[in-house]
Amino acid sequence: MRINEEEMKRQLHDPATRRAAFTDIVNAYSEKLYCQIRKMVLCHDDANDILQDTFLKAWTNLDNFRGDAKISTWMYKIAVNECITFLNRQRAINNVPLDDTDVYLLDTLKADDYFDGDELDVKLQEAILLLPEKQRLVFNMKYYEDMKYEDMSEILGTSVGALKASYHHAVKKIETFLTKDI
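Residues numbered from 1 in each chain as written. Predicted model: local features only at pLDDT ≥ 70, side-chain atom pairs only at ≥ 80, totals over all residues. Heavy atoms only, no water.

Engineer: Report on the pattern of salt bridges, specifying residues and quantitative values.
Structural biologist: Using the criterion set out here, one finds eight salt bridges in the structure. One salt bridge connects K9 with E6, and the closest N-O pair in it is separated by 3.8 Å. Taken together, the residues K9 and E6, both in helix 1 (residues 5–12) and three residues apart, mark about one turn of the helix. By relative accessible area, which is 10% here, K9 ends up buried. The salt bridge involving K70 is made with D151; its shortest N-O contact spans 3.2 Å. Taken as a pair, K70 in the loop between helix 3 (44–60) and helix 4 (71–93) and D151 in helix 8 (residues 149–156) lie far apart in primary sequence, 81 residues in all. When its relative accessible area of 15% is taken as the criterion, D151 is described as buried. (Salt bridge = Lys/Arg side-chain N within 4 Å of Asp/Glu carboxyl O. Helix = DSSP H or I, 4+ residues; strand = E, 2+ residues; numbered from the N terminus. Buried < 20%, exposed > 50% of the residue type's maximum accessible area, 1.4 Å probe, protein only.)

This is how it looks when you write it as C-alpha cells:
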C-alpha cells in the first residue's frame, strides 16, 4: 500500500481523520517494520511484541510528530529505538556481556520455532551477528530493505558517508566470515 505523504500528514493532524490515517499507516508499514525488527531481535514473538510497541509509541506520540521527516522514517526510527531498548533489557536480564550478544542472539534464533532457515541461513545470520550493532543495523537496512542512505541517515542520525563506509565494512566482514572455511 502506497501512501501520499503530505495527505497522510494532514490527516494525522486532523482529529476527525487521525484514527483512519493511523490505520492506513499500520497497514502500509507493518510488514516492512516487522522485517526490520525481526532482523534485529531474531525471534518472531519478540518481533511481534516490539512491532506492537512501535505502533503504540507512534500513536501516543502523534502530537509530537511535526511532519518534518517522512512518516516511514519516523516509524523506522521508533522501531529501531524500541529494538535497542529491548536488546539492552534482554542483555541486562540475562547477564549477557556486550561481546557475547551475538552468541545469545544466535541461540535465540536457533530456538525460534518460526525460523525455517537452512544451515547457510544460520551461517549468514551468525556472520551478521558478529558485526558491531551499528554495522548490523546498517547492513540489514540496506541489504534486506534496500533503504536509501539518506533515509538511514535520518533514522540513525549518522552521515551518509559514514553509513556507506559502515555498509562496506559490514559486507567485507560477512564475506570474510562466509568464505573462511572454503
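Engineer: Talk me through unusual backbone geometry; I want residue IDs and the actual numbers.
Structural biologist: Of note, the phi angle at L42 is positive, near 70 degrees, even though the residue is not glycine. Its place among the elements puts L42 in the loop between helix 2 (18–41) and helix 3. A positive phi angle, near 50 degrees, is found at D146, a position not held by glycine. Counting through the fold element by element, D146 comes out in the loop between helix 7 (133–144) and helix 8.

Engineer: I'd like to hear about the packing of aromatic side chains, residue by residue, with values.
Structural biologist: Inspection of every chain in the model, using the stated rule, returns seven aromatic pairs. With 4.9 Å between their ring centres and 15 degrees between their planes, F139 and Y143 make a pair best called stacked. Residue F139 and its partner Y143 are located together in helix 7, separated by four residues, close to a single helical turn. The buried category is assigned to F139, whose relative accessible area is 4%. Among the aromatic residues, ring-to-ring pairing joins F139, Y143, Y144 and Y167 into one connected group. When the ring centre of Y144 is taken as origin, the NZ or CZ atom of K39, which lies over that ring, is 3.8 Å away. (Phe/Tyr/Trp six-rings, centres within 6.5 Å; stacked < 30°, edge-to-face > 60°. Lys NZ or Arg CZ within 6 Å of the ring centre and 35° of its normal.)

Engineer: Tell me about the packing of helix 2 against helix 4, and name the residues and values.
Structural biologist: At a closest axis distance of 10 Å, the pairing of helix 2 and helix 4 adopts a crossing angle of 35 degrees. Relative to helix 4, the crossing made by helix 2 is right-handed. Only I71, S72, M75, Y76, A79, V80, C83, I84, F86 and L87 of helix 4 make contact with helix 2, whose side of the interface consists of I25, Y29, K32, L33, Q36, I37, M40 and V41. Taken together, the residues of the contact of helix 2 with helix 4 sort by class into 15 nonpolar, two polar and one charged. (Axes fitted to C-alpha atoms, helices over the stretch in contact; angles between N-to-C directions. Left-handed = near helix turned anticlockwise from the far one by under 90°. Contact = heavy atoms within 4.5 Å. Nonpolar A, V, L, I, M, F, W, Y, C, P; charged D, E, K, R; others polar.)

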